Amino acid sequence: QVQLVESGGGLVQPGESLRLSCAASGSIFTIYAMRWYRQAPGKQRELVATITSGGDTDYPDSVKGRFTISRDNAKNTVYLQMNSLRPEDTAVYYCNAELATVPFLRRSAYWGQGTQVTVSS
C-alpha cells in the first residue's frame, strides 16, 4: 500500500558530496516526521537526520554541519544533502516515514529498501 523508494547513493571520494532522495507513494493521507538512518557493516542502525511535518530538523553530532535534511511535501519526498563526506559515513542509508494511510488513517512507520553510500579514496 505504501512504498518508500530511495535513490542517489554511490561511491565518492572523501570530501565530496551526495544527495539522497526518498519518495513515498501509495495510499497516503498525510506524512508526519521523516528520518534518515544508516547502518554500517557490523554496527547498529543509527539515526542521522529528522525533519518534522513543520520543517524542524535535528541531527546527531556526528553529522551536524555536514548533512542537511529537507522535504517537499507536494512530492511526498525527503532529501539528505551530505557534504564533506568521510570514510566513516560509509553505510547503507534508509529513509523512514511516519504516515497515516487511507481509509482508516492508521499511523505507522514505513521503511525504504536502502541505498549504499561508499566514501573511499
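Residues numbered from 1 in each chain as written. Predicted model: local features only at pLDDT ≥ 70, side-chain atom pairs only at ≥ 80, totals over all residues. Heavy atoms only, no water.

In spatial order, the strands read β1-β3-β8-β7; together these four strands make up an open sheet with antiparallel pairing. The open sheet has two edge strands with one neighbour each: β1 (2-7) and β7 (67-72). Taking the axes of each pair of neighbouring strands and ignoring which way they run, one obtains an average angle of 15° across the sheet. (Pairing = 2+ DSSP bridges. Helix = DSSP H or I, 4+ residues; strand = E, 2+ residues; numbered from the N terminus. Axes fitted to C-alpha atoms, helices over the stretch in contact; angles between N-to-C directions.)

Along the chain, Thr50 falls in strand β5 (residues 46-51). When near neighbours in sequence (up to four residues on either side) are disregarded, Thr50 contacts Met34, Arg35, Asp56, Thr57, Asp58 and Ile69. (Contact = heavy atoms within 4.5 Å.)

Here we come to the side chain of Arg38. Mapped onto the elements of the fold, Arg38 is located in strand β4 (residues 28-39). You can call Arg38 buried: its relative accessible area is 7%. Within the structure, Arg38 has its side chain in polar contact with the side chain of Tyr93 (distance 3.0 Å). Once residues lying within four places of it in the same chain are set aside, the contact partners of Arg38 are Gln44, Arg45, Glu46, Val48, Ser62, Val63, Phe67, Glu88, Asp89, Ala91, Val92 and Tyr93. (Buried < 20%, exposed > 50% of the residue type's maximum accessible area, 1.4 Å probe, protein only. Polar contact = N/O pair within 3.5 Å; in protein donor to acceptor, adjacent residues only side chain to side chain.)

Omega for the peptide link from Val102 to Pro103 comes to 10°, which places this bond in the cis form. With respect to the helices and strands, Pro103 occurs in the loop between β9 (91-101) and β10 (106-111). Of note, the phi angle at Asn76 is positive, near 50°, even though the residue is not glycine. By secondary structure assignment, the location of Asn76 is in the loop between β7 and β8 (77-82).

So, on to the environment of Asn76. Owing to a relative accessible area of 25%, Asn76 belongs among the partly exposed residues under this scheme. With 27 residues separating them along the chain, Asn76 and Pro103 place their C-alpha atoms 18 Å apart. Leave out the neighbours within four places in its chain, and Asn76 touches Cys22, Ala23, Ala24, Ile28, Ile31 and Met34.

Counted according to the given criterion, the structure contains one aromatic pair. Both rings, one in Tyr37 and one in Trp111, keep their centres 4.9 Å apart while their planes meet at 55°; by these two values the pair is tilted. Of this pair, Tyr37 sits in strand β4 while Trp111 sits in strand β10; the two residues are 74 residues apart in sequence, bridging distant segments of the chain. Here Trp111 falls in the partly exposed class, since its relative accessible area comes to 38%. The side chain of Arg45 reaches across the aromatic face of Tyr94, ending 3.9 Å from its centre. (Phe/Tyr/Trp six-rings, centres within 6.5 Å; stacked < 30°, edge-to-face > 60°. Lys NZ or Arg CZ within 6 Å of the ring centre and 35° of its normal.)

That's the geometry; what it means functionally is another story.
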